[in-house]
Amino acid sequence: MRQKLLLCLLLVGMLCPTLLNAQNWDYIQTSGEYYYGVGQGKTREEAIQQAMAELTGMIATHVQNDFSQILDETTAGKTVTHREKVLMCLRTYSQATLTNVEKWVEGEAPNVMARCYMRRSELKRIYEGRTAKAMSMMEVAEDALKNRNIDMALQYYYWAYSLVRSLQHPQDAKDNEGRMLISLLQIQIEKILHNLNVTFDNRDGDRVNLIFAYQGQPVSSIAYTYSDGRAECNGEGRDGRGLMEMIPGYETDTYHVNIEYEFKDQARGDDEMQSILEVLTKKVFKSEFKVDGRRETDNTGNNEAAIRTKTGVNLTPSQTQVVSDAQAYADIVAKVADAIGQRTYSNAVPYFTANGLRMYNQLISYGRARLVGTPNVKFFKSANGCVVSRGMQMSFSFTSGTKKTFVEDVVFTFNKDMKIDNVAFGLGQVAANDILCKEAPGWKDETREMLMEFLENYKTAYCLKRYDYIRDIFADDATIIIGSVARRRTTPNAHQERAISLEGQQTITYNRYNKNQYLENLKRCFQRNEFINIRFTNNDIQWLEKYQNEEIFAIQIGQEYNSTTYADKGYLFLLVDMTDHDAPQIKIRTWQPNEVDMKKIYNAGDFYNE
């Protein structure tokens, strides 16, 4: 009898699915356990979109009275009402971030009906996830601030602040010491901006040189906007230096510099963060600096000569790296700098080898190239009798779309004949110190210099689009893994490696490429971008000593990527065989977006067992 009853129920389920679905839908509507919405449209996508809008509206109606009032919701001169704030917060829960919404679609085009529903308990889970994500971002910001990477510190503090603002009860989100994040984060952002100084150095034609300091020390990196007399432009300062490119003939005694802290473009790939930054009204902090162009003082009126002398990369060679005839090399660098400064580029040709000259021509063609400040050049002994010079800074401006300006340290490598055979962009103060000052017993100065030069050449190859160099440094059997958010479209010829869910992050899909696939994608990237700029931040390097007859290094390094069409920040992992010092080979390259815990990124143990 029981078997017959079960058979009957199965037959009913097969013959009358609509009846069972109707019963389920009745329960969803009446149980009080779900939020739900119904939508109709000509297509499946249109119907789901309307159902999701109704579901979100239902959430807003139910939770509006329980949303905490926040006293900081006066933004851009506008007071945001409580109702507006609730709707803004709920709009951040798009189809992408409401990951556990069930969808039930019926009908055919042009008459499609969709029902969307989710358990009410999911909303609490989303709030908890955003709090955890904010806490992780705070850790990144704190580390960045220690290294005076002001752009990264402000970005992650503001993103954490925005995540907390979107919560139902922002005051309930607290750190491990019980402090309210909504207050703590706002105070921290204000404190950073208060301790910044932006000062005028000099003006050379239509170029205005600036000095950026944090608590009296040169910043490692900073992002800002300014008006060139016609339009808003973007600038990036490095190691205390930055500049503004004015339109010809524009004269003023006061320059307005706004420090960037929102970084909307950097949120690409993180649907949740992108949605929050797009929907929530921007919180306005006092980030504008009025720079007096008639004198060389800081924003408080103090003489800034002491600050200026500290700008730029300030590296000092060890005793074994000291170059005895440094003055002879300094005279050559001075002549090259003079040729660049006077734009008499051909005057520098005699000081380069054929290979060095090709790179020199690429350098002066990288946007609008200018010298910045007075070179403070130091010389280091390198491998095979070569000498490396560091300390000359240049700016590079690009005008496609919004005007963009970068400041880079230019590194020259001299061969035994005192000819410049290589040109590269330096790593910056923080990344360089991580290598030169790393506590690694047994590491020789030659090893540290070799690592510096490899990373400098690697970075420069992407900036100057040195396709042949990149092709040669990747081993033929190289493994190349690039991370992206799972919902983003992947390249058709890429092999999907795996998908994992990281704490506080979206699901990440890893795509594996072989060398040829990667190079084909890179070639297209070079073609569609006027410029590419890469900046390295904190890094960790491990020498895999178990390979006694080989010099294999595992490099984990923070990377900031900018191009004409795209920008992001992430972590790069390189496994490099440097046994042949003249021909390093990259065995493994991975990149991971939006990860906030260095312990969770790829490392040597994922590929080589120690």
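We now examine the pairing of strand E18 (residues 420-425). E18 sits mainly inside the fold: five of its six residues count as buried. Connecting the antiparallel pair strand E17 (residues 404-414) and E18 is a turn made up of five residues, with Met418 showing a positive phi of about 60°.

Spatial ordering of the open sheet is given by E1-E5-E4, a layout of three strands whose pairing is antiparallel. One side of each edge strand has no neighbouring strand; the edge strands of this open sheet are strand E1 (34-41) and strand E4 (102-108). Averaged over all pairs of adjacent strands, the angle between strand axes in this sheet comes to 10°, irrespective of strand direction. With seven bridges joining them, E4 and strand E5 (residues 111-119) adopt antiparallel strand pairing. Pairing of Glu102 across the sheet is with Tyr117, part of E5. Across the sheet, helix H3 (residues 44-63) touches E1, E4 and E5, and the angle it forms with E1 is around 145°. Contacts between helix H5 (residues 121-146) and the sheet are confined to E1 and E5, with E5 contributing the most and set at about 70° to the helix.

Time to look at unusual backbone geometry. The linkage connecting Ala109 with the following residue, Pro110, adopts the cis geometry, with an omega of 10°. Considering the arrangement of structural elements, one finds Pro110 in the loop between E4 and E5. For Met418, which is not glycine, the phi dihedral falls at a positive 60°. Along the polypeptide, Met418 turns up in the loop between E17 and E18.

Examined against the element boundaries, Tyr35 turns out to sit in strand E1. In this structure, the C-alpha to C-alpha distance between Tyr35 and Glu122, residues 87 residues apart in sequence, is 9.7 Å. With near-sequence residues (within four places) excluded, Tyr35 lies in contact with Leu55, Met58, Ile59, His62, Val63, Cys116, Tyr117, Met118, Arg120 and Leu123.

Reading the values: rules and limits
- Residues numbered from 1 in each chain as written.
- Predicted model: local features only at pLDDT ≥ 70, side-chain atom pairs only at ≥ 80, totals over all residues.
- Heavy atoms only, no water.
- Buried < 20%, exposed > 50% of the residue type's maximum accessible area, 1.4 Å probe, protein only.
- Helix = DSSP H or I, 4+ residues; strand = E, 2+ residues; numbered from the N terminus.
- Pairing = 2+ DSSP bridges.
- Axes fitted to C-alpha atoms, helices over the stretch in contact; angles between N-to-C directions.
- Contact = heavy atoms within 4.5 Å.

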